[in-house]
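Chain and residue survey
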Amino acid sequence: MAEVAGTMSCTRANRRLSGRRRRRLASLVATIAAVPLLTGLGQDPAQAAPHSRAEEIGTGDRTATVAITHVDPALPSADDDITISGTITNEGDSAIVDSSVAARQGVPLSSRSAIDESVSRTGFDNASDGQIVRDHGQDIGDIAPGMSRTFSLEIPVSELALGEDGVYQLGVTLIGQTESARWNDNLGIGRTLLSWQPDGRNESTAQTGLTVLWPLISGTHLTAQTGSDEVQTPVFRDDTLLDEISPGGRLYQMVTLGADLPVTWVIDPDLLASVDAMREAYQVPGEDGDLVSGTGQEEARAFLAELRDAVRGDEVVALPFADPDLASLAHRGMDVQGALGQLRTATDTAPVTIETVLNTEVRLNTRIAWPVNGAIDPDIVSAATSAGADQIITRSDSLRNGDSLSYTPTAARPIGGGTTAIVADERLSTLFEGDMTRTGSASLAGQELLAQTMAISQQEPGLERSIVMAPQRMPTSDQAEAMASALATLQDRGDWVRFLDLSEAAEATPDPAANQRVPSADAYPQELRDQELPTSAFQSMRDTKRTLDDFTVILTEPHRVTVPFGNAIHREMSASWRGSQQAAADFRSRVQGEITGLTQQVHLIPKADITLSGRSATIPVTVQNNLVQDVQGLVLRLDSSRRLGLEVGEAQPVVIGSGHSQSVKFSTTANANGPVSLTAQLYTADGKPYGEPMRFQADVTSITSQVMMVIAGGLLLVVLAGIRMYTQRKRAAGAQDEDEDEEPEEVLVEASADSSRGESTADTGARGGATSSVGEKLDPGT
């Protein structure tokens, strides 16, 4: 009985096991029957998937990334074959096996919002992604985790089920299995857009005017520092500008690509001035920080030659010099004295710079303001118009229309005070901001440009409108190439648009239904506000400008300083500093340090303490000029701390030649003895102190009254002694005269006696001679 019971138990167990196996087999057969392998003839597995799919990357319909990298032709005709190429990347942890790709039929997109939704969607949606195109798939095989495979599908346009003119979504789907899930499934899908107008534009549909801005803008490269030589050799912050203007560089690409495109050039004059400075000798910091000679002369000349050819006959918009950050000025700098004046000067400098450097025929458009990202508020508009702008390039995500309009209005909108806002389309302007090196990004952006412009033209077919595309200020080389390729296709095949210059867009008839109200300050994006220059930056610019103004009034060649430093102050306000606050602060500090260093080249030579003896003396003070030019218009003043004790002469003019010094002498009068502090200070002609004062001390040792009495008494004694000696001498001289008068009488008497004795007259004369001789002996001084 026990054996029978054991046998019956084993039989029941085998029956339960066999039942489970049969149910599993039946389920597998049903799955295989419902989801056959893709051969070009089978049903779309995604339409009958019997299991739930996870939404994470690497599982379900996100197991693989399908990137469409090329669609040719981008604007096909009805009888064309279209080639769709791309790349498949396995994002999962399990290998993809037995896989194939196939295109999906076109899905019409009736609005710009539908286009946005299509390109942003990632997961598969059976109702929105169309049917598989049969007989035109491609086997892919196995793809290991993290690896990629390429594909290329050639499909007759007639197989895409395209209907009326318009924009269609095209998809490419990957069907296959993974080692961890051995059933066919939709493992990934890629989408692109196709603009469809096989018979050309309907004559009843108005062409949409399209203006494309093509910006030539760079960062700050030139410093305020120049060489002391006659030509003032410029000094650059680094050599990065050479990389940008060399063949293959970003700016070189912008010029060569834009030369054949219907665009409006938007140029920062500072860029032209910087490249122009590279045509001759210039210096850059070497590896050890010392200045070395730059080597980009040939590249600079070639770049400017290419640019002149590219813009000849085109419209050129001149931004204010160095592309000042209007929002930073409006929000942080308007209360700083002189900040708005700097913007006006930058605006006035722009056209002169461009015309001088380009030296070619262009249609120059000035007085245009372009705030960062086209974001405006009342303060920004006020700052721009105060500097002379009457047109402001803004963007539709700033000057929004809301839901009031079902179509895209004309870009030009009056916003009051004679100012026109040129509202660039936000979708078009940001199309190429992404990483265009990513697989498929450039192709999708190009297809979307075609699709968005076509969708705009079909919104109101009978309404003629003008729209503007204002891309990012400094596109990368890859972004520029993607834009150029899309614009070239639109230019050749997109007959629903006509290209306009910016001035034509500004003059277009505004749409009265479009929003013309400037958004409030609270609506300004906080992200952009956080990137603005601080108020301290504008205060630093003010201080540098004041130092510059006080310095140049003493120079005989002020332009050698005003030009490089004036331009450097403009560069301190550049929008290119956004996101680089420390670099901006370092640049401002460097400019201020350089102008301060120049002012210190004209200085007073320190003087040691001196001693003054007596009531009057002369004090020399020396002024040194180490500049490479003469200085004039300075006066030197010497002030005494005890004006009643030591009087100092009037201020003295100072004129010093280059590399020389001048000794200025001050006369002093001492009225009291003791220490006196003296301060020498240079002043400009308008009475402003120049440089640091120089202080020294004088020890005055004046003569006392007692000493004066002693000296006076001594002088009196000397005078009396002189009088006495003179009197005595005079008396002695008088006594001698009396003696002389008496002695001749005796001789004559004797002579008379001798004569009476009978001596002759001759003898008498001889004796007279003897007497004369005797007289000389008595008084030789007679």
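Residues numbered from 1 in each chain as written. Predicted model: local features only at pLDDT ≥ 70, side-chain atom pairs only at ≥ 80, totals over all residues. Heavy atoms only, no water.

1. Details of the packing of aromatic side chains
- Using the criterion set out here, one finds 2 aromatic pairs in the structure.
- A centroid spacing of 5.1 Å and a plane angle of 65 degrees characterise the contact between Phe236 and Tyr282, whose relative ring orientation is edge-to-face. Placement of the pair is Phe236 in strand 10 (residues 234-236) and Tyr282 in the loop between helix 5 (269-277) and strand 12 (283-285), with a sequence separation of 46 residues. A single burial state applies to Phe236 and to Tyr282, both of which are buried.
- It is Arg473 that lies over the ring of Trp370; its NZ or CZ is 4.4 Å from the centre. (Phe/Tyr/Trp six-rings, centres within 6.5 Å; stacked < 30°, edge-to-face > 60°. Helix = DSSP H or I, 4+ residues; strand = E, 2+ residues; numbered from the N terminus. Buried < 20%, exposed > 50% of the residue type's maximum accessible area, 1.4 Å probe, protein only. Lys NZ or Arg CZ within 6 Å of the ring centre and 35° of its normal.)

2. Observations concerning helix 5
- Counting buried positions over the 9 residues of helix 5 gives 8, a clear majority of the element.
- Along helix 5, the residues classified as buried are Pro269, Asp270, Leu271, Leu272, Ala273, Ser274, Val275 and Ala277.

3. Quick word on a nonpolar patch on the surface
- A cluster of nonpolar side chains, namely Leu716, Leu717, Val719, Leu720 and Ile723, defines an oily patch on the protein surface of about 480 Å² accessible area.
- Note on placement: Ile723 falls in helix 18 (residues 705-756). (Patch = residues over 30% accessible without salt bridge, like charges linked within 9 Å, V, L, I, M, F, W, Y side chains within 5 Å. Areas by Shrake-Rupley, 256 points an atom, 1.4 Å probe, with all protein chains shown as cover. Salt bridge = Lys/Arg side-chain N within 4 Å of Asp/Glu carboxyl O.)

4. Section: helix 2 (residues 112-120)
- Turning to helix 2, its buried residues are Arg112, Ile115 and Ser118. Buried residues of helix 2, viewed axially, fall in a sector of 115 degrees; they line one side.
- For helix 2, the secondary structure elements touched by its buried residues are strand 3 (96-109), strand 6 (166-178), strand 7 (181-196), helix 10 (426-429) and helix 11 (441-459). (Arc of directions from axis to C-beta. Contact = heavy atoms within 4.5 Å.)

5. Describing the pairing of strand 11 (residues 264-267)
- With burial as the criterion, each face of strand 11 is covered, one bearing Thr264 and Val266 and the other bearing Trp265 and Ile267.
- Here strand 8 (residues 208-216) runs beside strand 11; their pairing, made up of 4 bridges, is parallel. Its bridge partner being in strand 11, Pro215 is matched across the sheet by Val266. (Pairing = 2+ DSSP bridges.)

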